[in-house]
Amino acid sequence: MSESAQAHGGRARRVLPTRGRDVELATIGRAIDTVVGGQGGWLVISGQPGSGKTRLLEDAKGLALQSGARYFYGSGDPEGHLTPFAPLLVGMEAAGVELLAEDELASLESNPENRFWILQELQDGLDRASLDGPMVIVIDDLQWCDDATLLALKTLPLRLSASPILWVVAVRQSAMKASRITSVFERYGDIGENLLTLGSLSDSAVASMVHDVVGATPDARMLRSVLQSEGLPLYVLELLGGLVDEGLIASDGGVARLIGSAVPQRFRESVKSRVSALSARCRQTLEVASVIGRTFELEVLAEMLDVSVGDLIGPVREAVDAGLLLDIGDLRFSHDLFREIIEEEVPATAHRILRRKVIDVQLARGGNVIEVATMLAESAQPGDSDAVSVLRSAARQLSSLTPSTAADLAVRALELSPGRDPDRAEIVSEAATYLWQAGQATHARRLIDKELSGVASGEEEALLRLSVTRMSSQFSFSEAVKQATIALALPGISEATRQNLEAQLALNTLMTAEVQRPVDLTTAAPENLAVLATFATARASRQFYGGKWELAFASIHEAMIIADLAQTRYRTAANEAIFISFMYVSAGDISSALREADRGIQETTRLRQGGGLRLWIMTRARVLLDAGRLADAGVEAQALLEMVDELGPGNFADITAIYTLVRVALYEGDVEAINTHRVSAERMSRDEAARIRNTGSWLASLIAGWYGEWETAIELALPVLDRLGLPGPYFSGSTDAADDVVFVRMALRTGHRRAATTMVAFAEARAAENRPFPILRATAMHARALLSDDRGLMLKAVVLLESIDRPIVLASALEDLGRMNVGHDSTTAIDHFKTALKLYAEAGAFHEEKRITKRLANLGAPPETEVPSGTDAWSTLSTAQRAVASLIVQGLTNRQVAEQLKLSPHTVNAHLRFAFIKLGVHSRVELAGLYHQTVDPS
């Protein structure tokens, strides 16, 4: 062997140049330049094991530091350790940035909403950290990350896109199609431009690697042999190392050649051969270490082998010298593939015993149950009560952040628990709850039906179904009704449980049934204030949708007084304050509705109630829609839909968010949004819950009418007549008398005069019964004026609507009045059209504005062109968007902006994103530059 080859013998780790990745390095360099310029971004690096992903990340670190960016590195754990957010938190902490207080995760109670708040904390922490300069955050081995980390990567890069943060994730190519991985990137759209797939190296790159290792250029024969390594960098290095170790390379005149007819071993055989050459003690040490995991403590390894730490010095040093282990504080395998290959050689029975011993050692050393849960789930045998206890404990700790993982552990605990375990019903309850939280409703139902029927007592089963009823009411009203109905039929349930079930059933049947259950407030025990409040709310709902609004307002005020006494106001999922907000909206009292919604957002934020916060954002979005603040309504509705990842989907989101988004899109004339939401409307029209079906059908009708498909529109709308007079909203999720007018207009347009007459009669009867509510009289007048083509009555409707804070409804009446006057008094008609035009423009109803502009042009009176308040792009922003942007340029974080404007952080994110789109900027830096250039040059 030549001196050059001998110099490279052995497996001492040294840094070699990266070969064959110039294109990828250039892409990373450009991404880092972009983040240094103030704009966020993300990259995905994918490749087979051994393709050089981690090495490319090391090169990225060098590029980042050279450019003045801070670098943070974290990685998933191949042993499936489940500590939430560990890769992100550990990577940031290692670089001196603490995103969460040390005990914050541990101190949080097990609550399904905690992940929402933790993500808010993470976002705010990263937002603050980015103010100190650009950041490159790397997460390696994404395929092994916990679910909470995946959720963070799914949401945070988009929310923080305005901050100078580059996110780089590396994942094995074989995992790219796994659903848990694809779900991370699905919101990012086409990831093609941001995906770096590391394939095999070119022949010239492999030749360069040979030269780096042996100091000479390979001849043709040697290169052909080395190319059998599949062109993967790790394989090439392993093959070359073996050849050097065995003295099979010679170099003459700067050319390397193979000695004899040696044929390189395949990678796995090469690693196995290297291990077999070690001493028996070293081999045993490596095999046990491979079961512990990629990284391990020497003390744990000593306990596993029942030897002293001193006894391991020799075997560990031998493994390090062989290049199989790295000594970097803790010990770790130099590559995951090395560990996997060594672990494969451990017999299955011995492997299971060793895995269980690892768990016992870790727990005895004070380890967290979360750290050993995955290993325990795999290695425990049925009847292992200790394993059941540990798995349940881990599931409880994880349920708030990764409910799907908690569900898996709880189900496994159930599988391991003895059939006559006295805690079995409780385990079933826990598992079903986690499954519901994880969106696996079908699995939860099957589990309950299988495990509890005929096993648990009636009271135990009723209590379980009550908890499921409360939870499912946020996601499926029909499921809530089903669970409550089954529970009420059980024998031996207590009166308190029965009252709670009756209250839940009363509320949820309002959402599902055409005819609701009667509500008897006297059946609730006086000492149970929360149940009394729920019964009073259900009674108010029945009265309100039954057309008795005065009685309904009296009942809901009574419910709110009771709720205040019970201290449950803003603390329950379906609370009294939300219902009164919708009642205020229906009555046209927008200011009271907004006041209640703002208070709800503040209180649920203060109390850290994510589910309640989502309900209040939904409520506020609907209030803003009726207030004629279309841009803000759309932003809030979009923001709450983006909370699905943290809090799960739900029927209420359909009624409010999607309803709001459809109506906003129709007013704005946003064809893309209309087409997107048309699919949602059609889905809703097939829902098992009556109110969802009704809302979906009405939205589909409105969309069809917008497209001029009038026959389809009226066909979808006519079933509304069958619901008039029933105690429930007949058009959508809440009563809007203005929709009566829309229906009458649609019916008259399509020749269904009888249908129009029926609706007008209903509107007039309801208005007569509810005289204190002018919006009912105004819309009834409007509808009758359309039916009878009565200008005088239409003028009265306009005058009455001028006293009500519903600008788009007023604009619609003015437009109708203008149309009626065209043939009689064109000057008056033009005045009405111009007033309507102004109202539409102020609301952002661009589609209606365009139609009125055309009407005025046809009358020879085009509207005057108004100069906006600012001649720059800032004038295109809504009031809320301007407020958010103005605070952002002052250096406030999103959370600080949210606190100052009394908005949710999600809403701030959405406002900022829409402002960026309108202003054509991509980062806070660009936003600040534009602001100081056009708004505040000083």
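Residues numbered from 1 in each chain as written. Predicted model: local features only at pLDDT ≥ 70, side-chain atom pairs only at ≥ 80, totals over all residues. Heavy atoms only, no water.

### With respect to the overall build of the protein chain
The condition is simple: Helical segments are the DSSP runs of H or I of at least four residues, strand segments are the runs of E of at least two, and each set is numbered from the N terminus. Type-normalised accessible area, obtained with a 1.4 Å probe on protein chains alone, sets the label of each residue: buried when under 20%, exposed when over 50%, and partly exposed for intermediate values. In this description, contact between two residues means that some pair of their heavy atoms is separated by no more than 4.5 Å. Throughout, the Shrake-Rupley method with a 1.4 Å probe supplies accessible areas, and for residues the shown protein chains are the sole cover considered.
Of the regular secondary structure elements, the protein chain holds 48 helices and eleven strands. The proportion of buried residues among the 938 residues of the protein chain is 57%. The long-range share in the protein chain, meaning contacts at least 24 apart out of those at least 6 apart in sequence, stands at 70%. Accessible surface for the protein chain amounts to roughly 37,900 Å². Of this, 51% is attributable to carbon and sulfur atoms.

### Topic: the environment of Glu-668
Summarising the element assignment, Glu-668 is placed in helix α33 (residues 651–668). For Glu-668, a relative accessible area of 25% gives the class partly exposed. Remark: the alpha-carbon pair of Glu-668 and Ala-631, spanning 37 residues in sequence, is separated by 9.0 Å. Residues in contact with Glu-668, not counting those within four places in the same chain, are Leu-630, Ala-631, Gly-844, Phe-846 and His-847.

### Points about unusual backbone geometry
For residues other than glycine, phi is negative in most cases, and the peptide bonds are mostly trans. The phi dihedral of Asp-306 is positive, around 55 degrees, even though this residue is not glycine. With respect to the helices, strands and loops of the structure, Asp-306 is situated in the loop between α14 (298–305) and α15 (313–321). Phi angles above zero are rare outside glycine, and Asp-789 is one such case at about 55 degrees. With respect to the secondary-structure elements, Asp-789 resides in the loop between α40 (774–788) and α41 (791–801). Looking at Asp-789, the relative accessible area reads 53%, which means it is exposed.

### Examining the nonpolar core
Selection criterion: Among buried residues, the Ala, Val, Leu, Ile, Met, Phe, Trp, Tyr and Cys ones that are joined through side-chain atoms within 4.5 Å form a nonpolar core.
Among the nonpolar cores identified, the biggest contains 117 residues, and Phe-544, Phe-553, Ile-556, Leu-630, Trp-698, Phe-743 and Met-759 are the most heavily contacted of them. Excluding its chain neighbours within four sequence positions, the residues that come into contact with Trp-698 are Tyr-659, Arg-663, Ala-717, Phe-731, Asp-739, Val-742, Phe-743 and Met-746. With 72 residues, the next largest nonpolar core counts Phe-296, Ala-302, Leu-331 and Val-468 among its residues.

### A few points about the pairing of strand β5 (residues 195–198)
Spelled out, the test is: DSSP bridges decide pairing: two strands pair if at least two such bridges lie between them.
Here β5 shows a buried face lined by Leu-196 and Leu-198 and an unburied face lined by Leu-195 and Thr-197. In terms of strand pairing, strand β1 (residues 41–47) meets β5 through four bridges, oriented parallel. Bridge pairing in β5 links Ile-45 to Leu-196.

### Here we look at the packing of aromatic side chains
Under the convention used in this document: Two aromatic rings, drawn from Phe, Tyr or Trp (for Trp, its six-membered ring), form a pair once their centres lie within 6.5 Å of each other, and the interplanar angle then sorts them: stacked below 30 degrees, edge-to-face above 60, tilted otherwise. Here, a charge over a ring is recorded when the distance from Lys NZ or Arg CZ to the ring centre is within 6 Å and its angle to the ring normal is within 35 degrees.
Evaluation of the coordinates by the stated rule reveals eleven aromatic pairs. Consider the rings of Trp-42 and Phe-185, whose centres lie 6.5 Å apart with planes at 15 degrees: the pair is stacked. Linking Trp-42 in strand β1 with Phe-185 in helix α8 (residues 179–185), this pair joins segments that are 143 residues apart in sequence. Each ring, one from Phe-544 and one from Trp-549, has its centre 4.6 Å from the other, and the planes form 20 degrees; the classification is stacked. Above the plane of the ring of Phe-338 lies Arg-274, whose end atom (NZ or CZ) is 5.2 Å from the centre.

### Focus: the sheet that holds strand β10 (residues 325–328)
Ordered in space as β9-β11-β10, the three strands form an open sheet in which the pairing is antiparallel. With one partner strand each, in any of the chains shown, β9 (295–296) and β10 form the two edges of the open sheet.

### Focus: the pattern of salt bridges
We count it as follows: Just to be clear on terms, a salt bridge is a Lys or Arg side-chain nitrogen sitting within 4 Å of an Asp or Glu carboxyl oxygen.
Scanning all chains against the criterion turns up 42 salt bridges. Here Glu-303 ties to Arg-365 by a salt bridge, and the two come within 3.4 Å at their closest N and O atoms. Here Glu-303, found in helix α14, pairs with Arg-365, found in the loop between α17 (348–364) and α18 (369–379); they are 62 residues apart in sequence, far enough to count as distant. Across the salt bridge formed by Glu-461 and Arg-465, the nearest N and O atoms sit 2.9 Å from each other. Here the residue Glu-461 and the residue Arg-465 both occupy positions in helix α23 (residues 458–472), the gap between them amounting to four residues, near one helical turn.

### Regarding the sheet that holds strand β6 (residues 217–218)
Taken in spatial order, the three strands line up as β6-β8-β7 in an open sheet, and their pairing is mixed. Edge positions in the sheet fall to β6 and β7 (249–252), since each has one partner strand and no second. Bridge count between β7 and strand β8 (residues 255–258): four bridges; the pairing is antiparallel. When the sheet's bridge partners are listed, Asp-252 is paired in β8 with Val-255.

### Brief notes about helix α35 (residues 690–706)
As a reminder, the rule being used: Expected span, for any helix, means 1.5 Å times one less than how many residues it has.
For α35, which comprises 17 residues, the first-to-last C-alpha distance of 24 Å matches the rise-based estimate of 24 Å (1.5 Å per residue) to within 8%. Of all 17 residues that make up α35, 15 are buried, and the element is covered over most of its length. At the C-terminal side of α35, Gly-708 shows a positive phi close to 80 degrees.

### Examining α40
For α40, spanning 15 residues, the distance from its first C-alpha to its last is 21 Å, which sits close to the expected 21 Å at 1.5 Å a residue. The complete set of buried residues in α40 reads Ile-775, Leu-776, Ala-778, Thr-779, Ala-780, His-782, Ala-783, Ala-785, Leu-786 and Leu-787. Buried residues along α40 sit in contact with α27 (549–566), α28 (576–586), α38 (738–749), α39 (753–769), α41 and α42 (807–821). Immediately beyond the C-terminal end of α40, within one or two residues, lies Asp-789, with a positive phi of roughly 55 degrees.

### Concerning the pairing of β10
Here four bridges tie β10 to strand β11 (residues 330–333), and the two strands are oriented antiparallel to one another. Pairing of Leu-325 across the sheet is with Phe-333, part of β11. Hairpin remark: β10 followed by β11, antiparallel, with one residue in the connecting loop; positive phi at Gly-329, about 90 degrees.

### Quick look at the environment of Leu-142
Assignment of secondary structure puts Leu-142 in the loop between β3 (135–140) and α7 (147–159). When the C-alpha positions of Leu-142 and Val-44 are compared, they lie 9.8 Å apart, and in sequence the two are 98 residues distant. In contact with Leu-142, not counting residues within four places along its chain, are Leu-150, Leu-153, Val-169, Ala-170, Val-171, Arg-180, Ile-181 and Phe-185.

### Remarks on the packing of α28 against helix α29 (residues 590–606)
Quick note on the threshold: Axes, fitted as lines to C-alpha atoms, cover a helix only where it is in contact. Angles between the N-to-C directions of the axes lie from 0 to 180 degrees. Just so you know how the angles are binned, under 35 degrees is roughly parallel, over 145 roughly antiparallel, 65 to 115 roughly perpendicular, and the rest oblique. The handedness criterion is simple: a crossing whose near helix is rotated anticlockwise from the far helix by less than a right angle is left-handed, and one whose near helix is rotated clockwise is right-handed. In this classification, Asp, Glu, Lys and Arg are treated as charged, Ala, Val, Leu, Ile, Met, Phe, Trp, Tyr, Cys and Pro as nonpolar, and every other residue, Gly included, as polar.
Relative orientation of the contacting elements α28 and α29 amounts to 155 degrees, with a least axis distance of 8 Å. What the angle tells us is that α28 and α29 run roughly antiparallel. α28 and α29 meet at a crossing whose hand is left-handed. On α29, the residues that touch Ala-577, Ile-580, Ser-581, Tyr-584 and Val-585 of α28 are Ser-592, Ala-593, Glu-596 and Ala-597. Split by residue class, the contact of α28 with α29 holds six nonpolar, two polar and one charged.

### Focus: the confidence of the model for the protein chain
Counted only if it meets this: As a per-residue measure, pLDDT tells how confident the predictor is, with possible values from 0 to 100.
Mean pLDDT over the protein chain stands at 84; residues scoring 70 or higher make up 88%. Looking across the protein chain, the model is least confident in helix α1 (residues 3–7), with a mean pLDDT of 33, and most confident in α40, with 97. Note on residues 1–12: pLDDT is under 50 here. Beyond four places in sequence and across chains, it has 32 contacts.

### Regarding the environment of Ala-60
By secondary structure assignment, the location of Ala-60 is in helix α3 (residues 53–66). Leaving out residues up to four positions away in the same chain, Ala-60 has contacts with Ile-28, Ile-32 and Tyr-71.

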